[in-house]
Amino acid sequence: MAIGSKEKYTEKQKRKAKHIEDSYEEKGFSPKKAEEIAWATVNKQSGGGELAGSGTTTSAKEKEAARKDSAKNAAETKQAKAEPNALETQTVAQLRTKARKENISGRSFMNKAELIQALRRH
């Protein structure tokens with residue numbers, strides 16, 4: 001089996017990775033980066049491919065700990081977005097000022113959502 005092959009993954013894991021990948025592409029990540037993040041997330045949560053071979057030695061306890069860790073990180077990210085100085089709570093003018101400091105090109109033509117994406121990627 002070639003390196004990077006997804007043959008050892010269950011259909012459920014493949015669907016989950018595709019769903020995660022699509023959501024990251026919608027957020028503006030490149031397809032390659034979105035795929036990397038998606039498979040890293042699936043591996044973190046399930047311990048790798050569930051068919052014979054990779055990941056089958058990962059205990060249920062370790063998988064549970066990985067899922068809890070992932071959920072905790074997601075909750076922290078959500079909480080950080082809700083903080084008063086989160087990008088979503090700032091005005092377009094404030095976001096453009098930040099974008100200017102980070103030298104993001106095209107900032108004057110961007111709307112609020114595009115500015116937030118550009119600032120997060122930069």
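Residues numbered from 1 in each chain as written. Predicted model: local features only at pLDDT ≥ 70, side-chain atom pairs only at ≥ 80, totals over all residues. Heavy atoms only, no water.

1. Describing the pattern of salt bridges
Stated precisely, the cut-off is as follows: Only one rule defines a salt bridge in this text: a Lys or Arg side-chain nitrogen within 4 Å of an Asp or Glu carboxyl oxygen. Helix and strand assignments come from DSSP, with helices taken as H or I runs of at least 4 residues and strands as E runs of at least 2, each series counted from the N terminus. Relative accessibility thresholds used throughout: buried, under 20% of the residue-type maximum; exposed, over 50%; partly exposed, between the two (1.4 Å probe, protein chains only).
Taken as a whole, this structure holds five salt bridges when the rule is applied. A salt bridge links Arg67 to Glu64; the nearest nitrogen and oxygen atoms lie 3.1 Å apart. Of this pair, Arg67 and Glu64 are both found in helix H3 (residues 60–82), three residues apart, which corresponds to roughly one turn of the helix. Residue Arg67 is classed as partly exposed on the basis of its relative accessible area, which comes to 38%. Residue classification places Glu64 among the partly exposed positions, given a relative accessible area of 35%.

2. Focus on the layout of surface pockets
Put simply, the rule reads: Space inside and on the surface of the protein is sampled on a 1 Å grid over the protein atoms alone, with a cavity defined as a set of points where a 1.4 Å probe fits but cannot get out and a pocket as an open set with protein on both sides within 12 Å along at least 5 of 7 lines; lining residues have an atom within 4 Å of a point. Grid points are joined across faces, edges and corners, and a volume is the space filled by probe spheres set on the points.
Counted as a void, the second largest pocket has a volume near 170 Å³. What lines the second largest pocket is a set of ten residues, among which Thr10, Lys12, Gln13, Lys16 and Ser46 lie closest to the centre. Contributing elements (two or more residues each) for the lining of the second largest pocket: helix H1 (11–26), helix H2 (31–46) and H3.

3. Some words on H2
To be explicit about the condition: One fewer than the residue count of a helix, multiplied by 1.5 Å, yields its expected span.
For H2, spanning 16 residues, the distance from its first C-alpha to its last is 22 Å, which sits close to the expected 22 Å at 1.5 Å a residue. All of the buried residues along H2 are Ala34, Ile37, Ala38, Trp39, Val42, Gln45 and Ser46. Just past H2, the residue Gly47 takes up positive phi, approximately 85 degrees.

4. What to know about the packing of aromatic side chains
We count it as follows: Between rings of Phe, Tyr and Trp, where Trp is taken as its six-membered ring, a pair exists when centres lie within 6.5 Å; planes separated by under 30 degrees are stacked, by over 60 edge-to-face, and by other angles tilted. When the NZ atom of lysine or the CZ atom of arginine is within 6 Å of a ring's centre and also within 35 degrees of its normal, the charge is said to sit over that ring.
Counted under the stated rule, the structure contains two aromatic pairs. The side chain of Lys27 reaches across the aromatic face of Tyr24, ending 4.8 Å from its centre.

5. As for the packing of helix H4 (residues 92–101) against helix H5 (residues 112–121)
Condition: Axes here refer to lines fitted to C-alpha atoms; in helices the fit is confined to the stretch in contact. Angles between the N-to-C directions go from 0 to 180 degrees. Comment on the angle field: the value is read as roughly parallel under 35 degrees, roughly antiparallel over 145, roughly perpendicular from 65 to 115, and oblique elsewhere. For a crossing to be left-handed, the near helix must be turned anticlockwise from the far one by less than a right angle; the clockwise case is right-handed. Whether two residues are in contact is decided by their heavy atoms: any pair within 4.5 Å suffices. Only Asp, Glu, Lys and Arg are considered charged in this grouping, and only Ala, Val, Leu, Ile, Met, Phe, Trp, Tyr, Cys and Pro are considered nonpolar; every other residue, Gly among them, is considered polar.
Direction vectors running N to C along H4 and H5 enclose 30 degrees, while the axes themselves pass 10 Å from each other. Considering the angle they form, H4 stands roughly parallel to H5. Crossing hand, H4 versus H5: left-handed. Along the contact surface, H4 presents Val92, Leu95, Arg96, Lys98 and Ala99, while H5 presents Lys112, Leu115, Ile116 and Leu119. Here the contact of H4 with H5 is built from residues that sort into six nonpolar, no polar and three charged.

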